[in-house]
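Close look at the chain arrangement
As a plain string of letters, each chain reads:
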Amino acid sequence: MVITGEILLKAAAKAGFYGILRKSYGPQIRGGESAAILRFQDSRVQSFIPEIHLLVALDWNNFSRFQDEIPVAAQTLVICDENLPQAPPEQVAATARIETLPLAEIAREQGSRRTNMVALGLIGKLLELPLPVLLDAMSERLAGKTDDAREIAAACIGAGYAMQFSAPGGFSGLQTGSMPQSQRWLLNGNDAIAYGALSAGIRFAAAYPITPATGVLEWIAQHIETLGGRLVQAEDELSAINMAIGASFGGVPALSATSGPGLSLMVEAMGLAVASEIPLVVIDVMRGGPSTGIPTKSEQADFNLAVYGMHGDAPHVVIAALDIGDCVFSGAWATQLAEALQTLVIVLSDQFLGQSEAIIDRPPEHGFQAQRLQVASVSLPRDRFWDIQVPYMVSSRFARLNNPN
């Protein structure tokens, strides 16, 4: 379902619309049920409305896990396969209009065991998205699959698009898209915050994978080496934060990314960075808590820890992204602030921002850059018995070496 939602969002972007995709997962760390919730319109969109217009259910087994996130109303059109072994939940059956269609049968006719691409074609038809746009978006999203897999997916999309089905009154397709493609970006918050940090000068990253922050590391890993930097996947969060501090001490702008449980482990080392005036960026993509919490759900659970969690007097900066587009600004601004103030900067995001994808206007150029005071060398007084030139990156604390006393 998530892949289906990603393809649909990409197609909407190609057709000139704004949109947002929320990826909702069950609580299992190793996979499970999922839902893709989308909203499209011809003007900027950042949130969701309190009713779903179209619900496509590939099964009903775990719908109860998402029913609070998928509000069904009288105007909701529900589409599902006619041979599903489970009946629609009572709440859905009593409220919405349900249409059962031979989705699985049509998929089998195209050589597929999955119904999601047939459903994608049908949704595209209902939204009046051009079929070539849907197929182009599918080819891009499934570029890593075999040619046979893409051909079967295309056949299923085409078959779903050709289904003879009329939406009930009150359900209409999108209006004409109006956003020029050159001004359109499609990205999620994790990618955006990573892009902002790298564009402002981050050249070292160390982290331990943790949901929902792993996407930050994946994006950095794909791009940092082309900029002359390095990413290290550490054995745990303690190693990661100390590696980042060591890199910054050596003069390389550095960051680590984590979520609530990892941030708890990093607190002592972050205090060390503050006390020793070492610039450091920590990105915290928050998830539901307390303790290890629910990694697939969003909650702004780490605010108090980020602001007040250090031991003793440890002045540092905490900033929070406003939306997915603002994640670019926040990642870049945090990088410049850390270097300019020579302290820790924590950037707060959350699962909703980090893993949701949005079609947005191209963010403005931020102009932030990591800049640190530098000196070519430090000369010790010649009346001593040595004469040494030591080049290094200098902070205000190290600059005191210029004073022979």
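Residues numbered from 1 in each chain as written. Predicted model: local features only at pLDDT ≥ 70, side-chain atom pairs only at ≥ 80, totals over all residues. Heavy atoms only, no water.

1. Notes on the overall build of the protein
When helices and strands are counted, the protein shows 13 helices and 15 strands. Relative to its 405 residues, the protein shows a buried fraction of 49%. Within the protein, contacts between residues at least 6 apart in sequence are counted, and of these 71% link residues at least 24 apart. Only carbon and sulfur atoms are counted for the fraction: they give 51% of the accessible area of the protein, which is about 19400 Å². (Helix = DSSP H or I, 4+ residues; strand = E, 2+ residues; numbered from the N terminus. Buried < 20%, exposed > 50% of the residue type's maximum accessible area, 1.4 Å probe, protein only. Contact = heavy atoms within 4.5 Å. Areas by Shrake-Rupley, 256 points an atom, 1.4 Å probe, with all protein chains shown as cover.)

2. Some remarks on helix α9 (residues 237–249)
A rise of 1.5 Å per residue sets the reference length of α9, with its 13 residues, at 18 Å; its end C-alpha atoms lie 18 Å apart and thus fit the reference within 8%. Buried residues of α9: E237, S239, A240, I241, A244, I245, A247 and S248, and no others. In this structure D236 caps α9, since a side-chain oxygen of it lies 3.2 Å from the backbone nitrogen of L238. Positive backbone phi, approximately 105°, marks G251, located one or two places after α9. (Expected span 1.5 Å × (residues − 1). Polar contact = N/O pair within 3.5 Å; in protein donor to acceptor, adjacent residues only side chain to side chain.)

3. A look at the packing of helix α1 (residues 2–14) against helix α4 (residues 116–126)
Put simply, α1 and α4 touch, their axes get as near as 10 Å, and they point 30° apart. Classified by the angle their axes make, α1 and α4 are roughly parallel. The interaxial crossing formed by α1 with α4 has right-handed handedness. Every residue of α4 that contacts α1 at T4, I7 and L8 is listed here: N116, M117, L120 and I123. Of the residues belonging to the contact of α1 with α4, the class tally is 5 nonpolar, 2 polar and no charged. (Axes fitted to C-alpha atoms, helices over the stretch in contact; angles between N-to-C directions. Parallel < 35°, antiparallel > 145°, perpendicular 65-115°, else oblique. Left-handed = near helix turned anticlockwise from the far one by under 90°. Nonpolar A, V, L, I, M, F, W, Y, C, P; charged D, E, K, R; others polar.)

4. Here's the deal with the pairing of strand β11 (residues 317–320)
Side chains V317 and I319 of β11 all project onto a buried face; the interleaved residues V318 and A320 project onto a face where none is buried. Note on the crossover from β11 through helix α12 (residues 324–341) to strand β12 (residues 344–350): the handedness is right-handed. (Right-handed = clockwise from strand over helix to strand, strands pointing away.)

5. Quick word on helix α10 (residues 260–275)
Relative to the 22 Å expected for 16 residues at 1.5 Å per residue, α10 spans 22 Å between its end C-alpha atoms, a close match to the ideal helical length. Its axis deflected by about 50° at V267, α10 carries its strongest bend there. Considered for burial, the residues of α10 that qualify are G260, G262, L263, M266, V267, A269, M270, G271, A273 and V274. Where α10 is buried, its residues touch α9, β9 (254–258), β10 (280–286), α11 (303–308) and β12. Phi turns positive one or two residues past the end of α10, at E277, with a value near 55°. (Bend = angle between axes of the 7 residues up to and from the residue.)

6. Things to note about the packing of α9 against α10
Orientation of α9 relative to α10, taken along the N-to-C sense of each, is 30°, at an axis distance of 8 Å. By the angle class used here, α9 and α10 are roughly parallel. Considering the relative orientation of α9 and α10, their crossing is right-handed. Residue-level inspection shows E237, L238, I241, N242 and I245 of α9 in contact with α10, the latter providing G262, L265, M266, A269, M270 and A273. Residue composition of the contact of α9 with α10, grouped by class: 8 nonpolar, 2 polar and 1 charged.

7. A few points about the pattern of salt bridges
One pass over the full model with this rule turns up 14 salt bridges. Because the salt bridges share partners, they merge into one network encompassing E6, K23, R141 and E357. (Salt bridge = Lys/Arg side-chain N within 4 Å of Asp/Glu carboxyl O.)

8. Some details on unusual backbone geometry
Cis peptide bonds are those with omega within 30 degrees of zero, and the linkage from T211 to P212 qualifies with 5°. Of note, the amide linkage connecting G289 to P290 takes the cis form, showing an omega dihedral of 5°. Here P290 is to be found in the loop between β10 and α11. A positive phi angle, close to 55°, is found at E277, a residue other than glycine. In this fold, E277 is placed in the loop between α10 and β10. Here S291, not a glycine, exhibits a phi torsion of approximately 55°, which is positive.

9. Some points on the packing of aromatic side chains
Applying the stated criterion to the full structure yields 6 aromatic pairs. For the ring pair Y195 and W219, a centre distance of 6.1 Å and an interplane angle of 90° mean the geometry is edge-to-face. Taken together, the residues span a long stretch of sequence, with Y195 in helix α7 (residues 189–199) and W219 in helix α8 (residues 214–223) at a distance of 24 residues. A ring pair is formed by F329 and W333, whose centres lie 5.7 Å apart and whose planes are at 45°; its orientation type is tilted. Here W333 and F329 lie together in helix α12, a separation of 4 residues that amounts to about one turn. These aromatic residues form a ring-pair network of at least three members: W185, Y195 and W219. (Phe/Tyr/Trp six-rings, centres within 6.5 Å; stacked < 30°, edge-to-face > 60°.)

10. Let's talk about the sheet that holds β10
Pairing within the open sheet is parallel, and its 6 strands lie in the order β8-β7-β9-β10-β12-β11. Among the strands making up the open sheet, the edge pair consists of β8 (230–233) and β11. Across the sheet, the mean angle from the axis of one strand to that of its neighbour is 20°, orientation sign disregarded. Two elements, β11 and β12, share 4 bridges in a ladder whose sense is parallel. Pairing of V317 across the sheet is with V345, part of β12. Against the sheet, α10 contacts β9, β10 and β12, and its axis sits at roughly 160° relative to β10. (Pairing = 2+ DSSP bridges.)

11. What about the confidence of the model for the protein?
For the protein, per-residue confidence averages 89 on the pLDDT scale, and residues scoring 70 or more make up 87% of the total. Confidence drops under a pLDDT of 50 for residues 390–405, and excluding neighbours within four residues, the segment shows 29 contacts in the predicted structure. (pLDDT = per-residue confidence, 0-100.)

12. Some remarks on the side chain of N190
Locating N190 in the fold gives a position in helix α7. Judged by its relative accessible area of 3%, N190 is buried. Every residue in contact with N190, bar those within four places of it in the chain, is listed here: P212, A213, G215, V216, V285, L353, G354 and Q355.

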